[in-house]
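Coordinate inspection notes
Single-letter residue listing:
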Amino acid sequence: MMTRRQATATLLASAAMARLGWAGAAHAQDADAASAPFSLPDLPYAADALAPVIDAETMELHHGKHHQAYVDNLNKAVEGDEALQSLTLSDLITNAGTHPPAVRNNAGGHWNHSFFWNLMAPEDQRGEPSAELIQALETAFGSVEDFRTGFEEAGAARFGSGWVWLIVDEAGQLQITTTPNQDNPLMDVAEVRGTPILGNDVWEHAYYLTYRNRRPEYLGAWWDVVDWAAVSRNYANALG
Ligand code: MN
C-alpha cells in the first residue's frame, strides 16, 4: 500500500524524470503494480547504449529473449488461476514462498530484470549519488570504495546463478546480500530480507559473450554504467 507521502514522492520523481526525458523509474513502478497478463517493459535506452561494458548483443538477448521468457512463463504459470491472476507483481514477489515454483522463479525474473535495466543509463544520463546515500554507505561499509569491493566480492562468491544486492534492511541499514536463481530480498523466502536499491545480475547470460568466465571482471566494469541518481531515488523511496 503506497502512503500519500510515497505517492507524492513518486509523482515528483516522475515529473523530474520526465523533464530529463527519462522514464526509467516510471517503468519500474508500473511493473510493481501490474497484474496478469504481464508484459515486457521497453529498455530505457538503446541496446548498444551501455557498450562496451555491456555489449549490444548481450543486451538484446538479455532483454529480448531472457527477460521476455520470464514474462511469458509467468503468464503461463498464473494462467487459469483466478487468485494468482488477481495479484500484482509486487504481491507475487512478497509471498513467493506460498506460490508454485514457476511463479516464484518467473515473477522474480520479471521483477529483477525490470529493476536492473533502470539502475543503468547511457553516459550523458548518469547521475551522481545523493549526499544521504554516500553518508549511509560510509556508515555501513567505511567508504564507498569499501562498499564497491564488498559488493564485487559477494557477487563473485555467489555460487551458480543469482544476484548480488544492496538493500535497506528491516532496521533501515544498508547491507550487501545475494540470492540464488531469480529470488530477491523482497521475497518471504529470502535469507536476508530488505528493499533492494541496487542489484547486479551474476547469471552467465549477463556477461558471458564479453567476459567469458571472468565474472569478477564484469562486476568491476559494471560500475561504469550504474546511474547513481537512480540508486539514490531507490534509497530515498526505501526509507519512505
Ligand atoms: Mn538476467
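Preceding block: the structure.
Here's a quick rundown of the structure. A quick note: this is a predicted structure, and the numbers were derived from the prediction, not measured. (Residues numbered from 1 in each chain as written. Predicted model: local features only at pLDDT ≥ 70, side-chain atom pairs only at ≥ 80, totals over all residues. Heavy atoms only, no water.)

1. Side note on the overall build of the chain
On a plain count of helices and strands, the chain comes out with 11 helices and 3 strands. Reading the secondary structure of the chain in the N-to-C direction produces α-α-α-α-α-α-α-α-β-β-β-α-α-α. Considering the chain as a whole, with its 240 residues, one finds that 42% of them fall into the buried category. A fraction of 70% describes how many contacts in the chain between residues 6 or more apart in sequence connect residues 24 or more apart. For the chain, the accessible surface area stands at approximately 11,400 Å², while carbon and sulfur atoms represent 51% of it. (Helix = DSSP H or I, 4+ residues; strand = E, 2+ residues; numbered from the N terminus. Buried < 20%, exposed > 50% of the residue type's maximum accessible area, 1.4 Å probe, protein only. Contact = heavy atoms within 4.5 Å. Areas by Shrake-Rupley, 256 points an atom, 1.4 Å probe, with all protein chains shown as cover.)

2. Some points on the pattern of salt bridges
Applying the stated criterion across every chain, the model contains 3 salt bridges. Arg 148 serves as the salt-bridge partner of Glu 145, at 4.0 Å between the closest nitrogen and oxygen. Note that Glu 145 and Arg 148 are positioned in helix α8 (residues 144-157) at a spacing of 3 residues, about one turn of the helix. Between Glu 217 and Arg 214 there is a salt bridge, with its nearest N and O atoms 2.7 Å apart. On the basis of relative accessibility, which here comes to 36%, the residue Arg 214 falls in the partly exposed class. (Salt bridge = Lys/Arg side-chain N within 4 Å of Asp/Glu carboxyl O.)

3. Here we look at the coordination of the manganese ion
Taken together, the protein donors to the manganese ion comprise His 62 (NE2), His 113 (NE2), Asp 201 (OD) and His 205 (NE2), at separations of 1.9 to 2.1 Å. Between consecutive donors of the manganese ion, the numbers of intervening residues give the motif H-x50-H-x87-D-x3-H. With a gap of 139 residues between them, His 62 in helix α3 (residues 56-78) and Asp 201 in strand β3 (residues 194-201) connect regions that are remote in the sequence. Of the two residues, His 62 and Asp 201, neither departs from the other in class, the shared state being buried. (Donors = N, O, S within 2.8 Å, 3.2 Å for Na, K, Ca; no water.)

4. A short note on the environment of Glu 170
Note on placement: Glu 170 falls in the loop between β1 (162-169) and β2 (174-180). Sequence separation of Glu 170 and Arg 193 is 23 residues, and the distance between their C-alpha atoms is 7.1 Å.

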